[in-house]
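The chain contents come next:
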Amino acid sequence: MAIALGGCGGKGGDTVTGFVGVVPGDANPADVQVIEGWVNALRQGHISAAAGYFAIPSVAENGVLVHIRTLDQAKLFNASLPCGARVIRAVSAGKFTTATFRLSERRGPGAGCGPGVGGAAQTSFVIRDGKIVEWRRVGAGGPGSSAPSQSA
């Protein structure tokens, strides 16, 4: 899954080149690569691969703070996310990269985005050494977004 990323636009650029094209925003390209790798694996139902993007230990917060101390716990957290998604924007501020996602169905057990499909969700990430050390649900909006648990 390792695909080189292009740089941002000019100073404080407004796009980042990612796996599937250009992601609007000024996010760190290396962070976008990790986020897209994770969300693509999740959307395809590859829970183990998605879990592999998480540092051990790490934390995730989707209404409740979860301390991830093992790969099995990372798998459980990823399996708990019913929706798939695609990155539509990513911005960085300090140590955080916040990605906005367009929600979609995902493959595999536990999938079932239902009315969330087409909605938006936002997650703030802290990425260190190519791994997610913090995953925090921070917002959603738009058509189809409903319950806070419907996040990617």
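Residues numbered from 1 in each chain as written. Predicted model: local features only at pLDDT ≥ 70, side-chain atom pairs only at ≥ 80, totals over all residues. Heavy atoms only, no water.

Participant: Give a detailed account of the overall build of the chain, specifying residues and quantitative values.
Facilitator: Along the backbone of the chain there are three helices and eight strands. Order of helices (α) and strands (β) in the chain, N terminus to C terminus: β-β-α-α-β-β-α-β-β-β-β. Buried residues in the chain amount to 44% of all 152 residues. If you take every contact in the chain between residues at least 6 apart in sequence, the share linking residues at least 24 apart comes to 50%. Total accessible area on the chain stands at roughly 7,000 Å², and carbon and sulfur atoms take up 57% of it. (Helix = DSSP H or I, 4+ residues; strand = E, 2+ residues; numbered from the N terminus. Buried < 20%, exposed > 50% of the residue type's maximum accessible area, 1.4 Å probe, protein only. Contact = heavy atoms within 4.5 Å. Areas by Shrake-Rupley, 256 points an atom, 1.4 Å probe, with all protein chains shown as cover.)

Participant: Describe the packing of aromatic side chains, naming the residues involved and giving the relevant values.
Facilitator: According to the stated counting rule, one finds seven aromatic pairs in the structure shown. Measuring from centroid to centroid gives 5.8 Å for Trp38 and Phe125, while their planes differ by 65 degrees, and the two rings are edge-to-face. One end of the pair, Trp38, is in helix H1 (residues 29-43); the other, Phe125, is in strand E7 (residues 120-128), with 87 residues separating them in the sequence. With respect to burial, Trp38 and Phe125 carry one shared label: buried. Ring centres of Phe54 and Phe77 lie 5.9 Å apart, and the angle between their planes is 65 degrees; on these two criteria the pair is classed as edge-to-face. (Phe/Tyr/Trp six-rings, centres within 6.5 Å; stacked < 30°, edge-to-face > 60°.)

Participant: Please provide a residue-by-residue account of helix H3 (residues 71-79), values included.
Facilitator: Residues Ala74, Phe77 and Asn78 constitute the buried set of H3. Axial view of H3: buried residues confined to an arc of 95 degrees, hence all on one face. For H3, the exposed residues set more than 90 degrees away from the buried face come down to Asp72 and Leu76. (Arc of directions from axis to C-beta.)

Participant: I'd like a description of the environment of Val138, backed by residues and values.
Facilitator: Considering the arrangement of structural elements, one finds Val138 in strand E8 (residues 131-141). With 77 residues separating them along the chain, Val138 and Glu61 place their C-alpha atoms 9.0 Å apart. If we ignore the near neighbours within four places in the chain, the residues touching Val138 are Thr98, Gln122, Thr123 and Ser124.

Participant: Account for the state of the cysteines, with residues named and values stated.
Facilitator: In a disulfide, the sulfur atoms of two cysteines are held together by a covalent bond. Counted by the stated rule, this structure contains one disulfide. In this model, Cys83 is linked to Cys113 through a disulfide, with the two sulfur atoms separated by 2.0 Å. On the sign convention where negative is left-handed, the bridge of Cys83 and Cys113, at about 85 degrees about the S-S bond, is right-handed. Of this pair, Cys83 sits in the loop between H3 and strand E5 (84-93) while Cys113 sits in the loop between strand E6 (96-104) and E7, and the two are 30 residues apart along the sequence. The exposure class assigned to Cys113 is buried, which follows from its relative accessible area of 0%. (Disulfide = S-S within 2.5 Å.)

Participant: Please set out the pairing of strand E4 (residues 65-68) residue by residue, giving values where relevant.
Facilitator: If a strand is regular, its side chains alternate between the two faces of the sheet. The sheet contact formed by strand E3 (residues 54-61) and E4 spans four bridges and is antiparallel. Counted as the bridge partner of Ala60 is Val66 from E4. Where E3 folds back on E4, the antiparallel hairpin that results is connected by three residues, among which Gly63 adopts a positive phi of roughly 100 degrees. (Pairing = 2+ DSSP bridges.)

Participant: Got a sec to walk through the pattern of salt bridges? Specific residues and values, please.
Facilitator: In total, this model carries three salt bridges according to the counting rule given. A salt bridge links Glu61 to Arg136, with the shortest nitrogen-to-oxygen separation between them at 2.7 Å. With a gap of 75 residues between them, Glu61 in strand E3 and Arg136 in strand E8 connect regions that are remote in the sequence. The exposure class assigned to Glu61 is partly exposed, which follows from its relative accessible area of 29%. Residue class for Arg136 comes out partly exposed when judged on its relative accessible area of 24%. The residue Lys95 makes a salt bridge to Glu134 at a minimum N-O spacing of 3.6 Å. With a gap of 39 residues between them, Lys95 in the loop between E5 and E6 and Glu134 in strand E8 connect regions that are remote in the sequence. Look at Lys95 and you get partly exposed, because its relative accessible area is 48%. (Salt bridge = Lys/Arg side-chain N within 4 Å of Asp/Glu carboxyl O.)

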